[in-house]
Structures are given as C-alpha cells and as structure tokens.
Amino acid sequence: MLFNSLGFLVFFAVVLILYYLPYPWRGKKLMLLSASYLFYGLWNPPLILLLWISTVVDWTSGQQLIKEENQRKRKLWLLLSVVVNLGFLGYFKYGNFLTENFTLLMQSFGVDYQIKDLGIILPMGISFYTFQTMSYTIDLYNRKVEPARTFLDFALYVTFFPQLVAGPIVRSSELIPQFYQEKKAELKVFLQGLLLLTIGLFEKTILADSLLSPAAESVFGKTENLLGLDAWMGVLAFSGQIFFDFAGYSLCAIGIAMTLGMKLPYNFKYPYGAIGFSEFWGKWHITLSSWLRDYLYIPLGGNRKGFTRTQINLMITMLLGGLWHGAAWTFVFWGFLHGLYLGIERVLKTKIKKSSKWFTQLFLAFLTFTAINITWVFFRADSFGKALDLLSSMFFISGEKAVLQNTQLLIVGVLMSLVFVSHFAMRGRTLVGTIEKLPQWLLGVIWGILLFGLIIVQSSGQQFIYFQF
Amino acid sequence: MTKTTLIIAVITALLLSIIWELSFKNLGYKPYHDDIDDLWAIWRRTVPTLSESDIIIVGSSRAHFDINTALWEKEYGKRPVMLASVGTSPGPIIKDLAENTEFKGTLIIGVSPSLFFGDPNSGGWQRLRDRMKHFEKQTYAQRLNQAVFMQIDPHFSYINDKLQFKTLVDWLPVPQRDSVRPPLIWPDMSMNDEYRNLHMIAEMETDTTMQKAMKNIWDAFGWTPPDTNKTDSIIDLYAGWVGTLKSRGANVIFIRPPSSGKYITHEHEFYPREKYWDVVLEKTDCPGYHFEDYEKTDGFICPEWSHLLPQDADVYTYELLELLKKDGHL
C-alpha cells in the first residue's frame, strides 16, 4: 500500500480509530501488527511469508543468542540469521543480476551458456526489513542491546507499517522499548505528526511526481545527445525528485508514527546543503549510512588501521552501499564515485584549513551539490552508455538536441535553486523546530495550502522510488 | 501547535478547494468517471465470467465514442462490455482475448485505420499493452484505491485526468522553445460513466474553440502514410488471433465507425479499403460493417473529424444493432 493513495487514507483512519479505542495495550499491538500485515499483503499477499520467516528466524536466533554461552554456538545462531536474511536478499534482489553476469562471464570465455529467466519478483521493502532485523541479531550477538520481551514486540518491530517498506531502518533499541508501555500521542504531537505526513505527501506528489519527474523522465528517457542545459536540468530534476520522493516517504513514516505516539529517527537533514561528502552521508538516508558504518565499515576496521586500510574500507562500504540500492553495475559505480569522493575528501581535509566564512561555505556546499549531481547520472541511467552520453552532454562535449520546454526549465531551475539555498540555510536546524517558531495562524495557512495541493494534485499513485531498493 | 492551527488549515484547504472546483466548473468541465487504467481493469476482469451470449467491444476511440452501450442495453437487453480504449490499437487486447481467455461470445472490433494498421511497436499498441500490464499487475491496494476513487470522482469537476497538477503546468503562459514540440492541451470533449460508456459532450456541436483545439492536435500528430511493407504481416497477426477465437466458437465482427473532414480524406488516401479493410475481412473470414456501406450510417459530420456527436452516436448504435440483428449475428 502506498501512503500517497486514497486506500491508505481509509486504512490509516481505521487504524487511528482502532488505536485510540479503550482496550488493553496488548490488543492494540496485535491490531497494529495485523494492520501492518494487511498494509504489506495488499500489495502481494504470498510475500508476507518472507516477512514471517525473517521474523521467526531472527526471533529464534535472538533468543538463543541470549541464552547460549558457548561462543561457537552463538556464532552459528548469528550465522543462521545473517544467511537467511542475506539469502532472501541475494535470491530476490540479486538473483537475476547474478545469473545475467554469470552468463556474460561464460560467454566471454566462449561458452554458450544461457540461464532461463528466473522471473523473480522483488518483494517490496526487502532491503529495509532484512537490514533492520539483522541489526537486531548482530547487536544481540555483540551484547549491545536488550532482547525484545515478547515475540509480539519483536514481530511488530520487524513489521511496523509506517517504516516497513522504505525505512527509516530503525535499530531495535530505538523502537522495541516503545512497545512496552501504552503510547498515546499528545494533541500537539498528534498534530505535528499529521503536519509531517502532509509535508511528506506534498513533497512526493507535488514536488517529486508532478513538478520534477516529467523533466527527469524526458532527459533520461532520450537516446540522443542533448544540449548541455537540458542535460543539467534533467539531472537536477532527478536530484530533486529522488530527494523529495525519499525524504517525503521518511517524513510520512515519522509523521504517522507520531500520531500513534511513537518516535522514528530522522532520515534526512537537508542533505543538499552539506559541505563535503562525509557531511552529506550524515544527512542523506541517515539510517542506512549509520547501518553501513556500524555493521560494515567499523567491523572492517574503520579508520583504525591506517590511511590505506581506511580508504579501502571506505570504498568497500560505498561499493556495497551502491549495490544495496540496486542490482546493477551502474549502482555499484555510483557507490564507487561516492567512495572516491570520500577518499579524496579525507586527503584534502588534512591539507586544507576549514573556513568559517559563509560565502566560502556556500561555495563548498555548491561544489558538493554539483559533484553529487554527477553521481546521480549513474544512479538514474539504465546503462553506462546512457550515463556517459548524458555526461558528455552535461560537459558540452556533444549534443544539440533540446527536449525540455521553457516551463520545465523554469520549474526545475527555480525549485532546485530554492532547494539548495534552503538546505544550506537550514544547516543545524530542524523542520519541527522551525515549524514551532512560526505564528499559529501562518502555520495553519501554510498547512492548508499544502493540504489543498494534495487535494488537487490527482497523483496517479506513483510508487516511491526507494520501494524498488 | 493547537487545534486552532488544524482548524485554520482545514478552512484554508476547503476554501481553496471550493474556489478551484468552481473555477473548473466555470471553464466548462463536468464531473464524471475518468476512464483510467483501473476502470478498464474492472471490466477486463469480468471477461472470464462472460457467456456465449455476451458481447465485448474492442477498438480505438471511435468504437468507444460512437457506440452507446446504455442504448444498446435498452434496445437489445444486454449491455456489451466496453474494452475499446482511446488512442490505442486493439491488437493487444484481441491477442489477450484469444490467448489468455476462453471467451466464446461475440467480439466486435472497431477499426480506426491509422491505429488498427499501426506498427505493433508504435505508441498505439504500446499504450494498450501498458493498460493491460496494469490490469495484470494490479494489486489489492490499487483495487481498494479505485473503489474509493469511484465514490469521489463523479462528483467533482476538477477530478479529471486532463487536470492533473503536472498537466496544468503546461497551461502556464510561458513562451516555449521552437525546437521542442509544445505540450498538447487536450480539450475535455467527452464524458464517461462507470460502465466505460463514453460519449462526446453536446457542446462540441457548436463550440468551435474546442473543435479547433482538437483539430490542431490531430494536425500536430501529422498525417503520415503507413509503412506498406508491414501491412500484410500486421493483418496476418489479426487473422491468427481471430482464427483462434473463431476456432473455439467466438463470433468476430469488424466495424468501421465514421470519420469525416481531414481524417476521411487521409484515410481514403492512405488506407484504401481494397488494400486494408477488404483484406482484413477476407483473411479473417469475418463479417464487417463499414459506415460508408449503409445509407443510415454514412454522412455523419464529426465535429473534430474523428468522433460522433452524442445524438449521432445514438443513431449509429441503433443502426449497427439493427444490422447485426438482421444478419443474425445477435
């Protein structure tokens, strides 16, 4: 089920009513769990089985990890959890990719080898919930967290509908304790939650789908070499589209949780205002980057084993981070570029003194934003050929075809300038903090305009981009 | 944040929405069921339940506009399932009915030459494939959305596929680049109901601005002849699917709904009936009803060259029914 759909409005209204009726907390948790399965199952019912398997395996592993003292056995229980989760991910997400590449490899050795298309459906949100549940068992193995008190609490942690299909990827210590005592949102928090849901939906339906996606599709859908202006605007449009799409989803998830009295971590903090790439990753898809840091980069040795190993660890983390986003070499290359940026930045940081002058910071933020836009080319293009064509257009090496109308150029230009400036201006501030400072009447009017946007947008219920990851 | 904030927000949103709705009402937009993919899917889903006495209509916009299924039901006692689709070739749905269903009833195939004889890789075929893909992959969540949407859609003028926010952006008075094709702004010349019974609005008879806007769009598409090298293979595709349908007892009938003005001129020139229409009937061995063959279906003036006014669609539907009954097809 999509947040940006009429069906979800009905679903959410029913959940809220049931949630605030007077009956025991355990019953409410059961209701939330059932609602979460319904939320997921309305997309493809049989794939709920994967969720159940993942839940049962990780719960069982978790229970054994607490009881078991034998370190070798503990390792085996952890291995079971990791193998099952990564096995699901490997088969459903990377199955076709692996067979295609194996076929190509065989063919490059002159072996005429063909594997039948496996016809695998990618279960929505599998990259998110497998990472989430794995963090639980890994943390239990390292004795960093307390186990869930009941199976119901754990199942709800895995399945909690606001963040099930596209995050934020929540750590068990952040969410499970919230299920232990009855939660009710205070009126102020409830309204803030509704406002965040409205902002999230506005970002998705108006900004991403209606204003930016058409230009991005026009540019990335063309096979000819384009005019430099069109190429840049198409890439900027995608840059904005993916931000509003994903940050919009995250805001919706956070807002919905708030209406239930729960708290989810922020996933985006104005990333396009970042100065440098390590700051960018501290502001973009924060829960994934912190997951990769804690469960991949640090176990690899992090920055504790000297300069070269640090650079290698960074690169491995970013390459796998790229692969997490999609089963294609273009995603891996996107990760490679980020790894390269981070590596270069580490070198430069030791040689260049940081300036606190605002215009220097603005320039550096602009440089970061530009470099990140270049990486989006590989993220969005469906092949290296297309990505390189687009890059050659962007750098005026080739191309003369115009594809965007002035209206689109204007919208993308104005909107993305505002995005950059506002992200830079919001550095160190939070959305809720800023909202709270506004006069109530003004906030009401702004909220009303956003609601009006949602009423008139007539979105055709486009899927969130990150659902495919 | 307090209740007052929410109240201000709701009042603001309501006021703006009312102004929005009234503005589009004033511009002549009417509330009706949009012919979106989900609605088409509802009717496609009924196919497995149809019997030998049921009728399905497929084709492009002419079959969709020009046959009034409500009138058909009144006159014949049974409403046909309308699966014709605007801007598409019926090729993919005929293939689907032949290969993926057990349909044994009567299939009426509307022929709009440029789409019917279009290349199977062209947009006309692809658009219907996309619609069918939506049907095949439709989730329970999407069905729930449609069920809710259908309760709201027919009550508001602004809820209209042509008034999606991303489409309205094209209305901005910004001078456009010469090298890029300007966006097409489609006039709202039809109304549709939950049965997908589509008809042209009566205003089209006199509203020359809308007529001109529509004719401009046809001109913008260009008047290009078909690739004659592909014609035989395209007709063979239809013959194969129709053969499959007929072999299990289905009754297949071709119709050629009216056109006029520039359309008929170009259709006579690019799709001469002896090389197209007659060949289709011969290769499929099916009956066909060409509007030019019958006095009562010939001579209609289509206000924008391609589709009938509602009163003319009623006459055409009635006469077509009479012909089908007279020849024992119904």
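Quick note: structure is the one above.
Residues numbered from 1 in each chain as written. Chains lettered and ligands numbered in written order. Predicted model: local features only at pLDDT ≥ 70, side-chain atom pairs only at ≥ 80, totals over all residues. Heavy atoms only, no water.

A. Representation of the interface of chain A and chain B. Each partner contributes residues to the interface: chain A has 48 residues there, and chain B has 39 residues. At the boundary of chain A with chain B, the tally comes to one salt bridge. A salt bridge links Asp230 of chain A to Arg177 of chain B; the shortest N-O distance between them is 2.8 Å. In this structure, the connection of chain A to chain B is made through 18 residue pairs in polar contact (both at pLDDT 80 or more). Counting only elements with at least two residues in the side of chain A that touches chain B, the list comes to helix 1 (6-20), helix 8 (187-220), helix 9 (228-259), helix 16 (406-425) and helix 18 (440-457) of chain A. For the side of chain A that touches chain B, the element with the highest residue contribution is helix 18 of chain A, accounting for 13 residues. Residues belonging to the side of chain A that touches chain B are distributed by class as follows: 32 nonpolar, 13 polar and three charged. (Contact = heavy atoms within 4.5 Å. Salt bridge = Lys/Arg side-chain N within 4 Å of Asp/Glu carboxyl O. Polar contact = N/O pair within 3.5 Å; in protein donor to acceptor, adjacent residues only side chain to side chain. Helix = DSSP H or I, 4+ residues; strand = E, 2+ residues; numbered from the N terminus. Nonpolar A, V, L, I, M, F, W, Y, C, P; charged D, E, K, R; others polar.)

B. Representation of the sheet that holds strand 3 (residues 106-110) of chain B in the model. Residue and element names in this part refer to chain B. Read from one edge to the other, the open sheet built from five strands follows the order 2-1-3-6-7, with strand pairing classed as parallel. Strand pairing shows two members of the sheet lacking a second neighbour, strand 2 (81-82) and strand 7 (288-290), which therefore form its edges. One ladder, built from four bridges, connects strand 1 (residues 55-58) with strand 3; its direction is parallel. Bridging across to strand 3, Ile57 finds its partner in Ile108. Helix 5 (residues 91-100) rests against strand 1 and strand 3 of the sheet, and its axis sits at about 150° to strand 1. (Pairing = 2+ DSSP bridges. Axes fitted to C-alpha atoms, helices over the stretch in contact; angles between N-to-C directions.)

C. How the structure looks around the packing of aromatic side chains. Taken as a whole, this structure holds 82 aromatic pairs over all chains when the rule is applied. Ring plane angle 85° and centroid distance 6.4 Å describe the contact between Tyr40 of chain A and Tyr129 of chain A, whose orientation is recorded as edge-to-face. Note that Tyr40 of chain A is positioned in helix 2 (residues 25-41) and Tyr129 of chain A in helix 5 (residues 126-141), a separation of 89 residues in sequence. Classification of Tyr129 of chain A as buried rests on a relative accessible area of 1%. Residues Trp125 of chain B and Trp241 of chain B carry aromatic rings whose centres are separated by 6.2 Å and whose planes lie at 50° to one another, so their mutual orientation is tilted. Remark: Trp241 of chain B occurs in helix 11 (residues 228-247) and Trp125 of chain B occurs in helix 7 (residues 123-137); sequence separation between them is 116 residues. Lys93 of chain A extends its terminal NZ or CZ atom over the ring of Trp324 of chain A, reaching a point 5.0 Å from the ring centre. Across from the ring centre of Tyr195 of chain B, 3.9 Å away, lies the NZ or CZ of Arg79 of chain B, which sits over that ring. (Phe/Tyr/Trp six-rings, centres within 6.5 Å; stacked < 30°, edge-to-face > 60°. Buried < 20%, exposed > 50% of the residue type's maximum accessible area, 1.4 Å probe, protein only. Lys NZ or Arg CZ within 6 Å of the ring centre and 35° of its normal.)

D. Main features of the packing of helix 3 (residues 48-67) of chain A against helix 4 (residues 71-108) of chain A. Residues and elements named next belong to chain A. Where helix 3 meets helix 4, the closest approach of the two axes is 8 Å, and the angle between their N-to-C directions is 165°. Classified by the interaxial angle, the pair formed by helix 3 and helix 4 is roughly antiparallel. Seen along the crossing, helix 3 lies across helix 4 with a hand that is left-handed. Listed contacts from helix 4 to Leu50, Ile53, Ser54, Val57, Asp58, Thr60, Ser61, Gln64 and Leu65 of helix 3 are Arg74, Trp77, Leu78, Leu80, Ser81, Val84, Asn85, Phe88 and Phe92. Tallied by class, residues from the contact of helix 3 with helix 4 come to 10 nonpolar, six polar and two charged. (Parallel < 35°, antiparallel > 145°, perpendicular 65-115°, else oblique. Left-handed = near helix turned anticlockwise from the far one by under 90°.)

E. Broad picture of a nonpolar patch on the surface. All names here are of chain A. A surface patch of nonpolar side chains, about 490 Å² in accessible area, is lined by Leu9, Val10, Val14, Ile17, Leu18 and Leu21. Summarising the element assignment, Ile17 is placed in helix 1. Judged by its relative accessible area of 54%, Ile17 is exposed. (Patch = residues over 30% accessible without salt bridge, like charges linked within 9 Å, V, L, I, M, F, W, Y side chains within 5 Å. Areas by Shrake-Rupley, 256 points an atom, 1.4 Å probe, with all protein chains shown as cover.)

Interpretation in functional terms is not warranted from these geometric data alone.
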